[in-house]
Amino acid sequence: EIIRALRIHLSPEKQQQITRRSNVSIEAHNLFLRGREQAYKTTAEGNSMARQLLAQAIELSPVFASAHAWVAFTHIDDYVMGWVEHPEQSLEYGVATVRRAYEFEPDNPEVLPLMSMALQWSRRLDDSLVFAQRCLQVAPNYAIGWLQLANLLHYLGDAEESLRALDRYFELDPLYLDVALYFRAEAESALGRYQDAVATLRQRLARNPRSQTSYALLASCYGHLGRTKDASKAWSEVLKIEPGFSLERRRKILPYKNPETFEQRIEGLRKAGLQV
């Protein structure tokens, strides 16, 4: 109605997109927001709760692309963290689900970065970059788009650009997700800025003290700095949170274009005298 009042001419394709989004009920949208908030926690419990809420939103609005996309996120996150019995199946389901969301709304900025994420963890980094960039063309100020780009750039081996993308993310979202601090620490560590990475990881752990990956990276940074006792203490926290934490699995699944970046982390643990 506003568009008609302003006499704005829209192409049939744009009219169809607006119609699709307007078919999402208020109740479904509220369920989506609650589900996305749970997914933002990046915990096993948060992912499970997110799927319950998002499933209710999809039941009310079956072609709700954003809801489908965030369901995909929870399954891919479960794969990355190894929180499920069959992680590969979670990745496959997540990829299929976000593709369905993309078919519903190919220019939805909620969907595009999660398509990028799915392709990233499928080791299709160049394709992933296309979708990350497309998201920021469609919505230049969409914070999650910058966060996904930053994570992807780290795996592509461009830590400096990753930090610049994170700077933009932090500008756009003052109430930033704590995982952004982990991404920043990863880039700082890759650049050999271990003291900076330690400070960043301490910030992350203050907000999320159950992050085993943060403690693992912290142990590595301490090792590079020669702080062996601190490294041992950090590594003990990893095993306290996740007794079966596997560096070999991390080596297998992390989609580094240059595997030496991950080996740099392992070297820090070895310098600390840890048996890894």
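This text goes with the structure placed above it.
As the structure is a computational prediction, the values presented were derived from the model and not from experiment.

Q: Mind showing me how you'd approach the layout of surface pockets here?
A: Rolling a probe over the atoms, with the probe sized like a water molecule, indicates the empty space that remains. By volume, the largest pocket amounts to about 690 Å³. Taken together, 35 residues form the lining of the largest pocket, with Thr42, Asp77, Met81, Val179 and Arg204 sitting closest to its centre. Where the lining of the largest pocket is concerned, the elements lending two or more residues are α4 (44-60), α5 (65-81), α7 (112-121), α9 (143-156), α11 (179-190) and α13 (212-224). When grouped by side-chain class, the residues that make up the lining of the largest pocket number 19 nonpolar, 9 polar and 7 charged.

Q: Just to check I follow, could you spell out helix α16 (residues 260-271) for this structure?
A: Compared with the 16 Å implied by 1.5 Å per residue over 12 residues, the 16 Å span of α16 between its first and last C-alpha is a close match. Buried within α16 we find Thr261, Phe262, Arg265, Ile266, Gly268 and Leu269. With its buried residues spanning 155° around the axis, α16 presents them on a single face. Next to the buried residues of α16 lie α9, α11, α13, α14 (228-241) and α15 (247-253). Of the residues trailing α16, Gly273 is marked for its positive phi of about 80°.

Q: In this structure, what is going on with the packing of aromatic side chains? I would like to understand it.
A: The description of two aromatic rings rests on the distance between their centres and on the angle between their planes. Under the counting rule described, the total for this entry stands at 9 aromatic pairs. Taking 5.4 Å as the distance between ring centres and 90° as the angle between the ring planes, the aromatic pair formed by Tyr40 and Trp70 counts as edge-to-face. In this pair, Tyr40 is assigned in the loop between α3 (26-39) and α4 and Trp70 in helix α5, connecting sequence segments 30 residues apart. For the pair Tyr40 and Trp70, a shared accessibility class is recorded, and that class is buried. Both rings, one in Phe170 and one in Tyr176, keep their centres 4.8 Å apart while their planes meet at 90°; by these two values the pair is edge-to-face. Ring pairing ties together the aromatic residues Tyr40, Trp70 and Phe73, which thus form one cluster. Just above the ring of Tyr79 sits the side chain of Arg249; from NZ or CZ to the centre is 5.6 Å.

Q: Help me out: how do you make sense of the packing of α13 against α16 in this one?
A: Following both chains from N to C, one finds α13 and α16 inclined at 65°, their axes separated by 7 Å at the closest point. When you trace α13 past α16, the crossing you get is left-handed. Of the residues in α16, those touching α13 at Ala216, Leu217, Ala219, Ser220, Gly223 and His224 are Gln264, Arg265, Glu267, Gly268, Leu269 and Lys271. For the contact of α13 with α16, the residue count by class is 4 nonpolar, 5 polar and 3 charged.

Q: Hey, could you run me through α5 in this one?
A: Along an α-helix, residues three or four positions apart point the same way, because every turn accommodates 3.6 residues. Here α5 contains 17 residues, and its C-alpha end-to-end distance of 25 Å stays within 8% of the 24 Å for a straight helix at 1.5 Å per residue. With 17 of 17 residues buried, α5 is to be regarded as a mostly interior element.

Q: What exactly am I supposed to notice about unusual backbone geometry here?
A: Trans peptide bonds make up most of the peptide bonds, and negative phi angles are found at most residues other than glycine. For Thr42, which is not glycine, the phi dihedral falls at a positive 45°. One can find Thr42 in the loop between α3 and α4. Look at Thr42 and you get buried, because its relative accessible area is 16%. Located in the positive-phi region is Arg123, a residue other than glycine, with phi close to 65°. Inspection of the secondary structure assignment puts Arg123 in the loop between α7 and α8 (125-138). Its relative accessible area of 42% is what places Arg123 among the partly exposed residues.

Q: Explain the pattern of salt bridges to me, please; I cannot follow it from the model alone.
A: Side chains bearing opposite charge may pair, as long as their charged atoms lie close to each other. Tallied over the full model, the rule gives 13 salt bridges. Here Arg204 and Asp178 are joined by a salt bridge, their closest N and O atoms 2.7 Å apart. Of this pair, Arg204 sits in helix α12 (residues 194-207) while Asp178 sits in the loop between α10 (159-172) and α11; the two residues are 26 residues apart in sequence, bridging distant segments of the chain. The class for Asp178 is buried, based on a relative accessible area of 12%. The partner of Arg251 in a salt bridge is Glu248, and the shortest N-O contact between them spans 2.7 Å. In this pair, Arg251 and Glu248 both sit in helix α15, 3 residues apart, roughly one turn of the helix. One continuous salt-bridge network, built from bridges that share partners, spans Glu248, Arg251 and Glu263.

Definitions and cut-offs
Residues numbered from 1 in each chain as written. Predicted model: local features only at pLDDT ≥ 70, side-chain atom pairs only at ≥ 80, totals over all residues. Heavy atoms only, no water. 1 Å grid on protein atoms, 1.4 Å probe; cavity = no way out; pocket = protein on both sides within 12 Å on 5 of 7 lines; lining within 4 Å. Points joined across faces, edges and corners; volume = space filled by probe spheres on them. Helix = DSSP H or I, 4+ residues; strand = E, 2+ residues; numbered from the N terminus. Nonpolar A, V, L, I, M, F, W, Y, C, P; charged D, E, K, R; others polar. Expected span 1.5 Å × (residues − 1). Buried < 20%, exposed > 50% of the residue type's maximum accessible area, 1.4 Å probe, protein only. Arc of directions from axis to C-beta. Contact = heavy atoms within 4.5 Å. Phe/Tyr/Trp six-rings, centres within 6.5 Å; stacked < 30°, edge-to-face > 60°. Lys NZ or Arg CZ within 6 Å of the ring centre and 35° of its normal. Axes fitted to C-alpha atoms, helices over the stretch in contact; angles between N-to-C directions. Left-handed = near helix turned anticlockwise from the far one by under 90°. Salt bridge = Lys/Arg side-chain N within 4 Å of Asp/Glu carboxyl O.

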